[in-house]
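Chain by chain, the residues:
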Amino acid sequence: MKKIFFRFLTFLFLLILISITYLSTIGIKTNKFNSRISEQVKKIDKNLEINLNKVKIILNPLKLKISAKTLGTDLIYKDKSIQLENIKSNISLKSFIKGNFLLTGLSISTKSLEIKNLVSFIRLIERDPKIYIAEQFIENGYIIADIEIEFDELGNIKDNYNIKGLVKDGNINLLKRFDLSGIDFIYYIKKNNFLFTDLKLSLNKKNISIPKITVEKNKDKFLLTGKVNNKNTILYKKDLSFLIEESKIGSDIEEINFNSENNFSFNLDKKFKISDLKIVSKIDLKNLKLKNSLKLEKIFPKIKNEILLQNHKIKIDFNNNNLTMTGSGDALFQGDNDKLKYEIIKKKDEIVYKTNLTISKNSFYLDVLDYKKSKNSNLEIAVLAKKKIKNDLLIQDVTLKENNNIISFRNLSLSNNYKINNVEKVTLKYFDNENFENKIQINKIDKNYLIKGNSFNINKIVTNILDSNKKKKLSIFNNDFKLNFDIKKIYLDTNHSMDNLKGYLFLKNNVISELNLESKFSNKKNIKLTIKTNGEEKI
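Here's a quick rundown of the structure. Remember, it's a predicted structure, so these values are computed and weren't measured experimentally. (Residues numbered from 1 in each chain as written. Predicted model: local features only at pLDDT ≥ 70, side-chain atom pairs only at ≥ 80, totals over all residues. Heavy atoms only, no water.)

To continue, consider the pairing of strand β22 (residues 379–388). Both strand β19 (residues 350–359) and β22 contribute to a ladder of 10 bridges, which runs antiparallel. Note that in β22 the partner of V352 across the bridge is K386. Bridge analysis of β22 against strand β23 (residues 393–402) gives 8 bridges, and the strand direction is antiparallel. Bridge pairing in β23 places A382 opposite T399. The turn linking β22 back onto β23 is made up of 4 residues, and K390 within it adopts a positive phi angle of 70 degrees. (Pairing = 2+ DSSP bridges. Helix = DSSP H or I, 4+ residues; strand = E, 2+ residues; numbered from the N terminus.)

Moving on, we get to the environment of D486. Along the chain, D486 turns up in strand β28 (residues 481–491). Taking the relative accessible area as the measure of exposure, D486 reaches 24% and is therefore partly exposed. Measuring from C-alpha to C-alpha, the distance between D486 and I440 comes to 9.6 Å, with 46 residues separating the pair along the chain. Engagement of the side chain of D486 in a polar contact is seen with the side chain of K502, the distance being 2.8 Å. (Buried < 20%, exposed > 50% of the residue type's maximum accessible area, 1.4 Å probe, protein only. Polar contact = N/O pair within 3.5 Å; in protein donor to acceptor, adjacent residues only side chain to side chain.)

This paragraph deals with unusual backbone geometry. Positive phi, normally seen in glycine, also occurs at N192, with a value near 65 degrees. Secondary-structure assignment places N192 in the loop between β10 (178–190) and β11 (193–203). According to the relative accessible area criterion, N192 is partly exposed, its value standing at 35%. Positioned with a positive phi, N311 is a non-glycine residue whose angle comes to about 55 degrees. By the secondary structure assignment, N311 is in strand β16 (residues 306–319).

Next up on the list: the environment of G170. By the secondary structure assignment, G170 is in strand β9 (residues 162–174). Setting aside residues up to four positions removed in sequence, G170 forms contacts with N140, G141, L180, S181, G182 and I183. (Contact = heavy atoms within 4.5 Å.)

All right, on to the nonpolar core then. Grouped together as the largest cluster of nonpolar side chains are 60 residues, with contacts concentrated most on F364, L369 and F456. Per element, the largest residue contribution to this core is 5 residues, and it comes from β28. Each residue touching F456, except ones within four places of it in the same chain, is listed here: L369, L428, Y430, E437, N438, I440, I461, I487, K489, I490 and Y491. (Core = buried A, V, L, I, M, F, W, Y, C linked by side-chain atoms within 4.5 Å.)

Printed below as a string of structure tokens:
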């Protein structure tokens, strides 16, 4: 009797073991779970229906769960449907034994779906105007998704869902201005968190690579962070037309060729308003071709119609409307390359400019001072300036240095039409084109100015200032002022000079209204020059 009982137990154990093994590996097909899966799907939306084939169940004895899987399923909302690759669900073994068939989880894998059809399907469920707008912009593309959902003990959906998948060959046309095509990326979605990786796209036929974008929801805002790379991007004027039309930025750009690495972050609210924008960029500017709209032929005699910036390394840091940009490279606007360095700092409503231009082989000429750069020497032009939005430009320092020649301006204030408001100090220490040594300083005292020094060649200045009867009179000052003179030696031309020039002149509306000067010629004879204006008549 004991042997029979033992054999029975052994047979029962083997039967259970074989059954468990069979159910754990091969499984069985049944329709028993179809209605329960359909009920769970309807908890997402009561109008959602699912067309299920027979469900294959597999036992997981270690986790005390039953896994159910069905292939070739259709998800239906009213008269629209999308095709699913498969649906997997987990059923508590305990609830199954009790007959409750409680689903603990649901996994849905889609087939390759057309994005436009999927958006149309979603719009039936979520009647959001933004989804309708997206539907109009999306032209084509395909998406695959794997969705994992868990249910609580009452059968309600938990908020720890996971969605992952990929998008391939997406195409979006925004108002016929921006053609986004070849959009590929992998995505991962959790509650309040989105991750997009390996994003590649073409913007107006220009390739862009975005290694990673993360989106985190915080209350009513979304924090977006990511990185954008581009290589060998070439843009022409037509590609920048939207910038030119909207803000006139880039109106002189003919062509630009660059590589860049850009890290960014910003907050986005429900109305798509951007705030807390931060951008850190490294730009390798290979070539920037600009139309030359500057009238600087008198300063740069061989200036061209185009300006080329080449081989520039640029760093940009933008943080909440504050900007720091530094860069350096070659500048070609005459016959040979010059070296250009620059720094731009914007904080709130103030912009600071720092620029350094080194001219080696090219020409440079200041007509009013009769200063000409030597052919085989370097001229450095350093500029430090600042400007408040809608206010005048203050050039804190401009220094031209060539060997021992120095020309500098301190606190030069220019109006919005680039006329001189005032200047604090001017230092002139150079040999001019006639090989005369100029060594003077101009200092502002109250509202007037004092010119004082050892020697000065006024040949060019007198020609320009006194010739006020010409149609194109000199008009560079915004204010009237008195100019006092105390100069030991004045050169009139190559053959004539004066000693101990003293006196003053009044400049009104950019014309000398009164002048009183005294000096001595080299032969010790005195000279006195006076001008007074009586109405429109000068005496």
